[in-house]
Number of protein chains: 4
Amino acid sequence: MVLGHESSGIVKEVGSAVTNVKVGDRVAMEPGQPCRHCKQCKSGNYNLCPDMAFAATPPYDGTICRYYRIPGDFCYKLPDSMSLEEGALVEPLAVGVHITKQAGIRPGQSVVVFGAGPVGLLCMAVAKAFGADIVVAVDVNEERLKFAKQYAATHAFTPSRSESPEESAARIIKECGLEVGSDAAIDASGAEICIQTAQYVVRNGGTYVQGGMGKPDINYPIMAMCTKELTTKGSFRYSHGDYSDAVGLVAHGRVSVKELISKKVKFEEAEQAFEDTKKALGIKYLIAGPE
Amino acid sequence: MVLGHESSGIVKEVGSAVTNVKVGDRVAMEPGQPCRHCKQCKSGNYNLCPDMAFAATPPYDGTICRYYRIPGDFCYKLPDSMSLEEGALVEPLAVGVHITKQAGIRPGQSVVVFGAGPVGLLCMAVAKAFGADIVVAVDVNEERLKFAKQYAATHAFTPSRSESPEESAARIIKECGLEVGSDAAIDASGAEICIQTAQYVVRNGGTYVQGGMGKPDINYPIMAMCTKELTTKGSFRYSHGDYSDAVGLVAHGRVSVKELISKKVKFEEAEQAFEDTKKALGIKYLIAGPE
Amino acid sequence: MVLGHESSGIVKEVGSAVTNVKVGDRVAMEPGQPCRHCKQCKSGNYNLCPDMAFAATPPYDGTICRYYRIPGDFCYKLPDSMSLEEGALVEPLAVGVHITKQAGIRPGQSVVVFGAGPVGLLCMAVAKAFGADIVVAVDVNEERLKFAKQYAATHAFTPSRSESPEESAARIIKECGLEVGSDAAIDASGAEICIQTAQYVVRNGGTYVQGGMGKPDINYPIMAMCTKELTTKGSFRYSHGDYSDAVGLVAHGRVSVKELISKKVKFEEAEQAFEDTKKALGIKYLIAGPE
Amino acid sequence: MVLGHESSGIVKEVGSAVTNVKVGDRVAMEPGQPCRHCKQCKSGNYNLCPDMAFAATPPYDGTICRYYRIPGDFCYKLPDSMSLEEGALVEPLAVGVHITKQAGIRPGQSVVVFGAGPVGLLCMAVAKAFGADIVVAVDVNEERLKFAKQYAATHAFTPSRSESPEESAARIIKECGLEVGSDAAIDASGAEICIQTAQYVVRNGGTYVQGGMGKPDINYPIMAMCTKELTTKGSFRYSHGDYSDAVGLVAHGRVSVKELISKKVKFEEAEQAFEDTKKALGIKYLIAGPE
């Protein structure tokens, strides 16, 4: 994978047909260009387009460069109240928006989010913005959980290594006041045990979304899913409306993304920043553009 | 499990508030009585009611008896064109209707059904009645496949024991003209390898329904499901509208159930019939009521 | 119409099967009892039950009495943070919740609400709680508009008597930054000119909900509705989930209803209070129960 | 309006990126080209694109010409079993498909279609193909009704000029066995009295679709729509999937369109054919291309 797909920038030039942005506008940049002709594109699911050209996914280059060419309708003007830094975080936020939409979160509902990394945290924040009353963060890392609780979660839960998925689920339900289970669960961890636990934590007829990437195959409690008549969904990137919704959530103060920027580094320090992130020293490092 | 939940009968007595059926009516009998007060019942999903009293599921007795008491609204009058024998098959047909609705089959779509036993066959018939253009039957039993092809399937497929789930799926797609995969897949087998294959046979954004009962936990290609953004659903019994839809499908000649009755036995032969069915000597044995 | 259907109370006695509330609990009381047996009830739309027994709709008495008998599942326990006064306002709030759900308001959307009386105001508050970014209040009464703006609306609009519905709509779109029209419009006025204006204010493919009661027949721009491919819906009372969602919105501080209580009167002053309300001297008068 | 938007043809040349059709293929031609960049296009509703270039809608020319340039993905290959004549009728059939999808017709349902002209007839045929059990044709022209009954309707109804919309509706419900009203109604007439009658013929919670074009404003029973909580929708042309579904319905023998061709005329006779159609001497006249 070539690096760089979470980015914002300033419009330098526009084609004659572009009307939504003009030179000088600060914009969030949606990194994938669908074909616009296939069935998926025409049915409103361009994220599933088989001919997608996605920045930083070979053979396509990433956006870490001085000038980047992008169709006008994949640029989203940032309001004056939003910084370019926040604009760069629209990409992971759009991932969280898409996952949370897949989960169908409606006002008054409860959701359990497994994994308190960047995507999980953003799912919690979006779920809250969508009106969820109970947002449970699940993680084994106490510091992440603490952050999640301050940031967006209403409850934090640490699974014990000695308990089974069913036991963890029962404890989450009891400790977080979920009565017969949560309306939805989101996995943003990719961890097998989390995915298993999620199937037991959701109520009959509830929804589960696989947002995290992990092992291709896992041991899965399919009969629990079947007899509880769960709806489980995958989530892949973002599609129509997700990017603009993400900008809107930040612009209207419904979701805050600044907290996720651990450090701002110069372009020259980019390589070191990638190394540090791998060691989990921060949530998101922001690389400033070259002057 | 106490036996007997697929049944029809003749109304012998009605309470004073019953208006939908009268004494002498021949009716299909829906075997589960929900509480009518819980959230699931009031939201239209009474099949998920935690207090369901279901015939033949302990502690509730089955319907193999002379008189059976049942609420009026769970009796469905059979039109003159339908026999009591067909009425008894409304139950498994309602299971197939519910599964096929969960799969969201719409006219023009394609669906692959794994397992050509009674439920699988009925799913194929319902899918066709719902307008599916391509209905693929998958089974390892050649005789069942042959029956499926005559009964409702447009294509029949025998997986090879030497190929992987991905290879089977690729071959189904190619041999049955599914282009980028089927719109939906239904498992009515409960077999691990079928469930795995199904995840690869469905197109991006398509739907999978778990209808068959099998091992509680299986090895599952969760990342395929995730990146293809599948919607996968469980299916449990039947809910509002399924039973009446099942009667309507038979009454209007859209689905035929007579073919599924392998043999009609007397009440006294019931025990032997259950033994024979276990040995897979037939699809469905029909037990006549005592005179 | 017999009076009294917006009420709360304290549980005095419970039947042996009741588990959700106990003696002494303070509860909001949902005033309509559906039959639980018809197709509408079983499909999750009990508000459309033809055999509904609704308090204060003849031949059924209203709730203005010392003791009122009601099924347990139509009582909603008020959390300690909610007063009985707020509990009485759950009824009109549930009306607003149902209308706003019919409108399908999702986070980031825009909605124009016609009529700033109690129901219109509550629709605005619910729409905001559901995540609407733009909530336009439309009314000819300047004082109501001022209240709406302070209470929940982001924009207020006074139509001019000299302009056509199309002209009003064009001005709303322009003055409130709605670009190609609003995502949704709600009528809570019942006024012909409002209903007409609403059809022009909604964008192509948007949603309109008729919440207000007025003349049975009006002059309606059906071709505008047709070529813009609007979805228009009626809204009748409330159904599964609306009452509990209403309690939850108040309990979690997402909607405030106290502002709508203009005055609290004693039981003996009830008659005068009804007279005063007719003269529009207040929004809602609250009648305290007899000691 | 410039003439010609219902057409089929033979591919003469293809661009280098076209993969779905090749030179010599016989194709149905979808006459509208959306912008592919706006919100409507990207959300799957390209029929609502404000920048649509639609054949025969000024300033765009119609398709009555020797060669017509069209994007590859708006050409739909006809199977060998379909004639070019049938291909030309895919356009009005796609209109019927879109209307019937808007009506949400599912297997087992009932629908009343007002107007037995080409669009109404095709809606009836599609509704039946979608599984409707009761399809009522309503028209004042007895000959059209007779044709409708032979073609696709299960019931035919002639409203009396002396009865009110409510009375007509009551009589339709009674005579066609609709119990509490039809699940859906479609207007394909544009006539005020039909639109009014439709609101009374649909059951509580049912669906109404405005398919016919007529007077811009009509007298409309809005309170009936409101308290019955109807969903009413406009329908405009066709969108993603409708054209391919229309080809599939004919190809699989689910809908027959040949009956709608009253006469086939030579290119030179086109003008006279348009005159004859205006006098309602036939349903559809087919104009053969120049040799």
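Residues numbered from 1 in each chain as written. Chains lettered and ligands numbered in written order. Predicted model: local features only at pLDDT ≥ 70, side-chain atom pairs only at ≥ 80, totals over all residues. Heavy atoms only, no water.

S.K.: Talk me through the packing of aromatic side chains; I want residue IDs and the actual numbers.
M.R.: Per the stated rule, a full pass over the model turns up 22 aromatic pairs over all chains. A ring pair is formed by Tyr 46 of chain D and Phe 74 of chain D, whose centres lie 5.6 Å apart and whose planes are at 65 degrees; its orientation type is edge-to-face. Of the two residues, Tyr 46 of chain D is situated in the loop between α1 (39-42) and β4 (53-54) and Phe 74 of chain D in the loop between β4 and β5 (75-77); the sequence distance between them amounts to 28 residues. The same class applies to Tyr 46 of chain D and to Phe 74 of chain D, which are both buried. Each member of the aromatic cluster is reached from another via a ring pair, and the members are Phe 54, Tyr 76, Tyr 238 and Tyr 243 of chain A. Lying over the aromatic face of Phe 74 of chain B, Lys 42 of chain C brings its terminal NZ or CZ to 4.1 Å of the ring centre. (Phe/Tyr/Trp six-rings, centres within 6.5 Å; stacked < 30°, edge-to-face > 60°. Helix = DSSP H or I, 4+ residues; strand = E, 2+ residues; numbered from the N terminus. Buried < 20%, exposed > 50% of the residue type's maximum accessible area, 1.4 Å probe, protein only. Lys NZ or Arg CZ within 6 Å of the ring centre and 35° of its normal.)

S.K.: Which residues make up the relation of the copies chain C and chain B, and what are the values?
M.R.: With an RMSD of 0.0 Å, chain C superimposes on chain B once it is rotated by 180 degrees and translated 0.0 Å along the axis. The two molecules are tied by a two-fold rotation axis, judged by turn and shift. Distance from the rotation axis, computed per C-alpha, reaches its smallest value in chain C at Gly 44 of chain C: 2.0 Å. Looking at chain C, 100% of its interface residues are interface residues in chain B too, so the copies touch through the same face. (Least-squares fit on C-alpha atoms with pLDDT ≥ 70 in both. Contact = heavy atoms within 4.5 Å.)

S.K.: Describe in detail the interface of chain C and chain B, supporting the description with residues and values.
M.R.: Listed per partner, the contact involves 11 residues of chain C and 11 residues of chain B. For the chain C face of the interface with chain B, the top three residues by lost area are Arg 36, Lys 42 and His 240 of chain C, together amounting to 55%. Where chain C touches chain B, the interface holds two salt bridges. In this structure, Asp 73 of chain C engages Lys 42 of chain B in a salt bridge whose closest nitrogen and oxygen atoms are separated by 2.9 Å. The tally of links from chain C across to chain B stands at five residue pairs in polar contact (both at pLDDT 80 or more). Its residues assigned to classes, the side of chain C that touches chain B shows three nonpolar, four polar and four charged. (Buried area = accessible area lost by both parts, 1.4 Å probe. Salt bridge = Lys/Arg side-chain N within 4 Å of Asp/Glu carboxyl O. Polar contact = N/O pair within 3.5 Å; in protein donor to acceptor, adjacent residues only side chain to side chain. Nonpolar A, V, L, I, M, F, W, Y, C, P; charged D, E, K, R; others polar.)

S.K.: Quick one: what's the story with helix α6 (residues 165-175) of chain D, residue by residue and with numbers?
M.R.: Residues and elements named next belong to chain D. Of all the positions in α6, only Pro 165, Ser 168, Ala 169, Ile 172 and Ile 173 are classed as buried. For α6, the angular spread of buried residues about the axis comes to 135 degrees, placing them on one side. Against the buried residues of α6 lie β6 (110-114), β7 (134-138), β8 (155-157) and α7 (192-201). Just past α6, the residue Gly 177 takes up positive phi, approximately 65 degrees. (Arc of directions from axis to C-beta.)

S.K.: I'd like a description of the environment of Asn 45 of chain C, backed by residues and values.
M.R.: Residues and elements named next belong to chain C. Here Asn 45 shows up in the loop between α1 (39-42) and β4 (53-54). Asn 45 gets classed as partly exposed once you look at its relative accessible area, which sits at 31%. Taking the C-alpha atoms as reference points, Asn 45 and Val 14, separated by 31 residues in sequence, lie 26 Å from one another. Leaving out residues up to four positions away in the same chain, Asn 45 has contacts with Gln 40 and Ser 239. At 3.3 Å, the side chain of Asn 45 forms a polar contact with the side chain of Ser 43.

S.K.: Describe the sheet that holds strand β2 (residues 26-29) of chain D, and please don't skip the residues or the numbers.
M.R.: Residues and elements named next belong to chain D. Pairing within the open sheet is antiparallel, and its three strands lie in the order β1-β2-β5. Where the open sheet ends on each side, the last strands, each with one partner, are β1 (7-10) and β5. With strand direction ignored, the average angle separating the axes of adjacent strands in the sheet is 35 degrees. As paired strands, β2 and β5 are joined by three bridges and run antiparallel to one another. Its bridge partner being in β5, Met 29 is matched across the sheet by Cys 75. (Pairing = 2+ DSSP bridges. Axes fitted to C-alpha atoms, helices over the stretch in contact; angles between N-to-C directions.)

S.K.: How would you sum up unusual backbone geometry? Please name residues and give values.
M.R.: A cis amide bond links Pro 58 of chain B with the next residue in sequence, Pro 59 of chain B, at an omega value of 10 degrees. A positive phi angle, close to 50 degrees, is found at Glu 229 of chain A, a residue other than glycine. By the secondary structure assignment, Glu 229 of chain A is in the loop between α8 (222-227) and β12 (231-234). According to the relative accessible area criterion, Glu 229 of chain A is buried, its value standing at 7%. Phi at Arg 36 of chain B takes a positive value of approximately 70 degrees, unusual for a residue other than glycine. Summarising the element assignment, Arg 36 of chain B is placed in the loop between β3 (32-33) and α1 (39-42).

S.K.: So what about the sheet that holds strand β7 (residues 134-138) of chain B? Which residues, and what values?
M.R.: Spatial ordering of the open sheet is given by β8(A)-β7(A)-β6(A)-β9(A)-β10(A)-β12(A)-β12(B)-β10(B)-β9(B)-β6(B)-β7(B)-β8(B), a layout of 12 strands whose pairing is mixed. Each of the sheet's edge strands pairs with one partner strand only, and the pair in question is β8 (155-157) of chain A together with β8 (155-157) of chain B. Ignoring strand direction, the axes of neighbouring strands in this sheet form an average angle of 20 degrees.

S.K.: If you had to explain the pattern of salt bridges to someone new, which residues and values would you point to?
M.R.: The tally for this structure, following the rule as stated, stands at 48 salt bridges over all chains. Across the pair Lys 264 of chain C and Glu 85 of chain C runs a salt bridge, and its minimum N-O distance is 2.2 Å. In this pair, Lys 264 of chain C sits in strand β13 (residues 261-265) while Glu 85 of chain C sits in helix α2 (residues 84-88), placing the two residues 179 residues apart along the sequence. Since its relative accessible area comes to 51%, Lys 264 of chain C is described here as exposed. Taking the shortest distance from any N to any O, the salt bridge between Glu 163 of chain C and Arg 171 of chain C comes out at 2.9 Å. A relative accessible area of 12% means that Glu 163 of chain C is categorised as buried. Judged by relative accessible area, which is 27%, Arg 171 of chain C ranks as partly exposed. Residues joined in a network through salt bridges with shared partners are Lys 22, Asp 25 and Lys 77 of chain A.

S.K.: An account of the interface of chain A and chain B is needed here, citing residue identities and associated values.
M.R.: Between chain A and chain B, the residue contacts involve 37 residues of the former and 37 residues of the latter. Both sides of the chain A and chain B interface together cover about 2900 Å² of buried area, and 57% of this is carbon and sulfur. Summed over the three residues of chain A that lose the most area to chain B, namely Ile 222, Met 223 and Glu 229 of chain A, the buried surface amounts to 21% of that side. Counting the contacts that link chain A with chain B gives zero salt bridges. Between the two partners, chain A and chain B, sit 21 residue pairs in polar contact (both at pLDDT 80 or more). Mapped by element, the contributors of at least two residues to the side of chain A that touches chain B are α1 (39-42), α3 (90-102), α7 (192-201), β10 (202-210), β11 (218-220), α8 and β12 of chain A. For the side of chain A that touches chain B, the element with the highest residue contribution is α8 of chain A, accounting for five residues. Among the residues making up the side of chain A that touches chain B, the classes are represented as 14 nonpolar, 15 polar and eight charged.

S.K.: Any chance you could break down the packing of helix α3 (residues 90-102) of chain C against helix α9 (residues 242-251) of chain C for me, citing the residues and the numbers?
M.R.: Residues and elements named next belong to chain C. Relative to each other, α3 and α9 sit at 110 degrees, their axes nearing to 8 Å. Viewed along their axes, α3 and α9 adopt a mutual orientation that is roughly perpendicular. Residue-level inspection shows Val 90, Glu 91, Leu 93, Ala 94, Val 97, His 98 and Lys 101 of α3 in contact with α9, the latter providing Asp 242, Tyr 243, Asp 245, Ala 246, Val 247, Leu 249 and Val 250. The residue makeup of the contact of α3 with α9, split by class, is nine nonpolar, one polar and four charged. (Parallel < 35°, antiparallel > 145°, perpendicular 65-115°, else oblique.)

S.K.: Tell me about a nonpolar patch on the surface, and name the residues and values.
M.R.: A surface patch of nonpolar side chains, about 310 Å² in accessible area, is lined by Leu 3, Ile 64, Phe 267 and Phe 274 of chain B. Structurally, Ile 64 of chain B can be placed in the loop between β4 (53-54) and β5 (75-77). (Patch = residues over 30% accessible without salt bridge, like charges linked within 9 Å, V, L, I, M, F, W, Y side chains within 5 Å. Areas by Shrake-Rupley, 256 points an atom, 1.4 Å probe, with all protein chains shown as cover.)

S.K.: Please set out the pairing of strand β1 (residues 7-10) of chain C residue by residue, giving values where relevant.
M.R.: All names here are of chain C. Of the two faces of β1, the one holding Ser 7 and Gly 9 is buried and the one holding Ser 8 and Ile 10 is not buried anywhere. Inspection of the sheet shows β1 paired to strand β2 (residues 26-29) by four bridges, in the antiparallel sense. Looking at the pairing, Ser 8 lines up with Ala 28 of β2.

S.K.: Talk me through the relation of the copies chain A and chain B; I want residue IDs and the actual numbers.
M.R.: Between the two copies, chain A and chain B, the superposition gives an RMSD of 0.0 Å; the rotation angle is 180 degrees and the shift along the axis is 0.0 Å. In this assembly the copies share their binding face: 100% of the residues contributing to the interface of chain A also contribute to that of chain B.

S.K.: So what about the environment of Ala 169 of chain A? Which residues, and what values?
M.R.: Residues and elements named next belong to chain A. Counting through the fold element by element, Ala 169 comes out in helix α6 (residues 165-175). Note: C-alpha distance between Ala 169 and Ser 182 (13 residues apart in sequence) is 10.0 Å. The contacts of Ala 169, once residues within four sequence positions are left out, are Thr 197, Tyr 200 and Val 201.

S.K.: Describe the pairing of strand β6 (residues 110-114) of chain B, and please don't skip the residues or the numbers.
M.R.: Residue and element names in this part refer to chain B. With five of five residues buried, β6 lies mostly within the body of the structure. Residues Ser 110, Val 112 and Phe 114 of β6 are buried on one face, and the alternating residues Val 111 and Val 113, pointing to the opposite face, are buried as well. Both β6 and β7 contribute to a ladder of five bridges, which runs parallel. Residue pairing across strands places Phe 114 opposite Val 138, the latter belonging to β7. In the sheet, β6 pairs with strand β9 (residues 182-187) via four bridges, with the strands oriented parallel. Note on β9: the bridge partner recorded for Phe 114 is Asp 187.

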